[in-house]
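Architecture at a glance
For reference, the chains in residue letters:
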Amino acid sequence: MRYVFQFGVVADHWPALVAGALATLRLSLLAMAFGLAIAILCAFLRRGAPRPIALAVATYVEIIRNTPLLVQLFIIYFSLPGLGIRLEAEEAAVLGLSLNLGGYATEILRAGLDAIPKGQIEAGRALGLTRLQIFRLIMLFPALRIVYPALASQFVILLLGSSIVSAISAPELTGVTNTLQSTTFRAFEFYFVATGLYLLMAIAVRLALDGIQWLVFVRGRAW
Amino acid sequence: MRQFGWNELLFILLALRWTLLLSLVAFAGGIVGGMMIALMKTSTVAPLRWAATIYVRLFQGTPLLMQLFLAYYGVTVLTGVRIDPWPAVIIAFTAYAAAFLGDIWRGCIEAVPREQWEAAEALSLRRLAIMRLIILPQAARIAIPPTVGFLVQLIKGTSVASIIGFVELTRAGQLMTNVTFQPMTIYPLVAGFYFALCWPLSILSQALEKRMDAARATAPIL
């Protein structure tokens, strides 16, 4: 069969696609910030908190890492209203992506914390620092530096994974593309261009993260 | 409205086999494709290396969902008829698995100490024989934990196939939610099934990795 590609239609809807891409970036950046905050908190609790809390954190990490993001989003968006928690699609998307990233990043950060030499922690204790002070002042920054490449990869995975939130109709690039292709009947062309936009965003975010690494960890301080 | 009962549970349980089947088929295809990618990436022929690198970067730099849409509508474009999602889903997940396994295994091949290459060359073995007899058997050992880890990623990834209408575990859960309107019961149950599949594999992968680290730590230094 002959199929004539028509990318002109895609060009006509360019502004909508760009708006969708920006929404994807916004969603991902929010989730990166929240997810990292969750991970730092959880990594601390896992080491410093009483056993039941540490166990709860470990359970959260295992559940996140062993179930699909899509099902996690369904639970947040469709199941939680049964408990009286009703979220907008976008809120549910940010919450789902943040919790997902938080689980993976907790595990990544743990590896970094484990790599901190024991002597440093003992030195902190000898100075009479509290647990929180030791974590905050001695362990956190070097641990983040050690695991930064792995964290950066996880951030890119999150950016690409955010396309799944279109399944709960949160507004972003994939959702915009779904709508456009269903009204123009040019599915392949639209998905092709959207895929290219994701690739560009992944490259841009990766470069930005590498830049941050250089600013914060290489040039920033002599650790 | 239907209540969530044994029939609904059975429907979801039976859909589990499509999740398993899709994962296994994609994994098997990915093993073949991934092996090719890994060999291309470690080849001495530059264009082969470039082609493999571009392939891996494309798959690791774009969303799985987009790959699935492109495969689905790509098949439609090529054949001119809208078919059921099976072929597209198989193609997309196999290509996806090949890219990730290829990259994992490239790392494993490169992790074999350089001295092994040099020793084999000193014995005047050919490149192909070195790869087959010396390098790959050692790389295979290193490769087992991350490969099991990727299988977990793949099983979870198959849930995305539900978005283009492929009936597997997640889609079955959605369908049953639509008729019973009990998302509170069904989605946690679906998550539980995924967890039951993935958690043992995750633990296995971690245990293998730990054992290998221990073996490496006690191995005599050359």
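The shown structure was predicted, so the numbers you read here are calculated from the model rather than taken from an experiment. (Residues numbered from 1 in each chain as written. Chains lettered and ligands numbered in written order. Predicted model: local features only at pLDDT ≥ 70, side-chain atom pairs only at ≥ 80, totals over all residues. Heavy atoms only, no water.)

Here we look at the environment of A194 of chain A
Our working rule: Only DSSP runs of H or I reaching four residues or more are called helices, and only runs of E reaching two or more are called strands; each is numbered from the N terminus. Under the scheme applied here, a residue whose accessible area is under 20% of the maximum for its type counts as buried, over 50% as exposed, and between as partly exposed, the area being computed with a 1.4 Å probe on protein chains only. Residues are treated as being in contact if the distance between any of their heavy atoms lies within 4.5 Å.
When you line up the elements, A194 of chain A lands in helix α9 (residues 187–220). Look at A194 of chain A and you get buried, because its relative accessible area is 0%. In the structure, A194 of chain A is positioned 173 residues away from A21 of chain A in sequence and 8.5 Å away in space, judged by C-alpha atoms. Each residue touching A194 of chain A, except ones within four places of it in the same chain, is listed here: L173 and T177 of chain A together with M66 of chain B.

Topic: the packing of aromatic side chains
Our working definition: Aromatic pairs are defined between Phe, Tyr and Trp rings, using the six-membered ring for Trp, whenever the two ring centres lie within 6.5 Å; interplanar angles under 30 degrees are classed as stacked, those over 60 as edge-to-face, and all others as tilted.
Under the defined criterion, the tally for this structure stands at 23 aromatic pairs over all chains. Where F74 of chain A meets F78 of chain A, the ring centres are 5.5 Å apart and the plane angle is 55°; that geometry is what we call tilted. Pair noted here: F74 of chain A and F78 of chain A are both in helix α4 (residues 69–79), with a separation of four residues, about one helical turn. Overall, the relative accessible area of 32% leaves F78 of chain A in the partly exposed class. Centroid distance F93 of chain B to Y96 of chain B: 6.4 Å. Interplanar angle 80°. Geometry classified as edge-to-face. Of this pair, F93 of chain B and Y96 of chain B are both found in helix α4 (residues 86–111), three residues apart, which corresponds to roughly one turn of the helix. Linked through ring pairs, F5, F7, F188 and F192 of chain A together constitute an aromatic cluster.

Looking at unusual backbone geometry
Residue and element names in this part refer to chain B. For S124, which is not glycine, the phi dihedral falls at a positive 55°. Within the element layout of this structure, S124 appears in the loop between α5 (114–122) and α6 (127–157). Residue F181 is not a glycine yet carries a positive backbone phi of 50°. If you trace the backbone, F181 turns up in the loop between α7 (169–180) and α8 (183–218). On the basis of relative accessible area, F181 is assigned to the exposed category, the value being 61%.

A few points about the pattern of salt bridges
Rules: Salt bridges, as used here, are contacts in which a Lys or Arg side-chain nitrogen is within 4 Å of a carboxyl oxygen on Asp or Glu.
Counted according to the given criterion, the structure contains ten salt bridges over all chains. Note that R26 of chain A and E90 of chain A form a salt bridge whose closest N and O atoms lie 2.4 Å from each other. Pair noted here: R26 of chain A is in helix α2 (residues 14–48) and E90 of chain A is in helix α5 (residues 89–114), with a separation of 64 residues, a long-range link. Here R26 of chain A falls in the partly exposed class, since its relative accessible area comes to 48%. Judged by relative accessible area, E90 of chain A falls into the partly exposed class, the value being 29%. In this structure, R114 of chain B and E118 of chain B form a salt bridge, with 3.2 Å as the shortest nitrogen-oxygen distance.

Describing the packing of α2 of chain A against helix α8 (residues 173–184) of chain A
How two helices sit against one another is set out by the angle between their axes and by the gap between those axes. Residues and elements named next belong to chain A. Selection criterion: To get an axis, a line is fitted to the C-alpha atoms, and for a helix only the part in contact is used. The angle between two axes follows their N-to-C directions and goes from 0 to 180 degrees. Should an angle lie under 35 degrees it is considered roughly parallel, over 145 roughly antiparallel, and from 65 to 115 roughly perpendicular; all remaining angles are considered oblique. Any residue outside Ala, Val, Leu, Ile, Met, Phe, Trp, Tyr, Cys, Pro, Asp, Glu, Lys and Arg is labelled polar, Gly included; the first ten of those are nonpolar and the last four are charged.
For the pair α2 and α8, the least separation of the axes is 7 Å and the interaxial angle reads 155°. Considering the angle they form, α2 stands roughly antiparallel to α8. Of the residues in α8, those in contact with A16, L17, G20, A21 and T24 of α2 are L173, V176, T177 and L180. Along the lines of polarity and charge, the residues of the contact of α2 with α8 split into six nonpolar, three polar and no charged.

Quick notes on the interface of chain A and chain B
When the parts of a complex come together, some accessible area is lost, and that lost area is often used as the size of the interface. Heads up, the rule is: A simple way to read buried area is as the amount of 1.4 Å-probe accessible surface that goes missing from two parts once joined, with both sides added. Any N or O atom pair separated by 3.5 Å or less is treated as a polar contact, with the protein-specific requirement of one donor-capable and one acceptor-capable atom, and with residues adjacent in sequence counted only for side-chain atom pairs.
Contacts between the two partners involve 35 residues from chain A and, on the opposite side, 35 residues from chain B. Buried surface at the junction of chain A and chain B, summed over both partners, amounts to about 3000 Å²; 76% is from carbon and sulfur atoms. Taken together, the connections running from chain A to chain B amount to zero salt bridges. Across the contact surface, chain A and chain B share five residue pairs in polar contact (both at pLDDT 80 or more). Elements represented by at least two residues in the side of chain A that touches chain B include exactly α3 (51–65), α4, α8 and α9 of chain A. The element that contributes the greatest number of residues to the side of chain A that touches chain B is α9 of chain A, accounting for nine residues. Looking at the side of chain A that touches chain B, its residues break down into 23 nonpolar, ten polar and two charged.

Re the side chain of T177 of chain A
The residue T177 of chain A is located in helix α8 in this model. Apart from residues lying up to four places away in sequence, T177 of chain A is in contact with L17, F190, Y191 and A194 of chain A.

So, a nonpolar patch on the surface
For clarity, the threshold we go by: Put simply, a patch holds well-exposed residues, over 30% relative accessible area, that have no salt bridge, with like charges counted together within 9 Å and Val, Leu, Ile, Met, Phe, Trp or Tyr side chains within 5 Å. With residues, only the protein chains shown are counted as cover, and all accessible areas are computed by Shrake-Rupley using a 1.4 Å probe.
Taken together, the side chains of I212, W214, L215, V216 and V218 of chain A make up a nonpolar region of the molecular surface, amounting to roughly 450 Å² of accessible area. The residue W214 of chain A is located in helix α9 in this model.

Digging into the nonpolar core
For clarity, the threshold we go by: Here the nonpolar core consists of buried residues drawn from Ala, Val, Leu, Ile, Met, Phe, Trp, Tyr and Cys, with membership extended through side-chain atoms lying within 4.5 Å.
Of all hydrophobic cores here, the largest spans 128 residues; its most connected members are F93 and L154 of chain B. With 17 residues, the single largest contributor to this core is helix α7 (residues 131–161) of chain A. Dropping the residues within four chain positions of it, F93 of chain B is found in contact with L22, A26, L64, L68, L154, G157, T158 and A161 of chain B. Of all hydrophobic cores here, the second largest spans six residues; its members include C42, V57, V61 and I64 of chain A.

As for the environment of V25 of chain B
Residues and elements named next belong to chain B. Within the secondary structure layout, V25 lies in helix α1 (residues 6–41). Residue classification places V25 among the partly exposed positions, given a relative accessible area of 33%. Counting along the chain gives 57 residues from V25 to R82, while the straight-line C-alpha distance between them is 23 Å.

Remarks on α5 of chain A
Applicable threshold: Expected span of a helix, by definition, is 1.5 Å for each gap between consecutive residues, and there is one gap fewer than residues.
The end-to-end C-alpha separation of α5 of chain A is 37 Å, in line with the 38 Å expected for 26 residues at 1.5 Å each. Taken across its 26 residues, α5 of chain A has 19 buried, putting it largely inside the fold.

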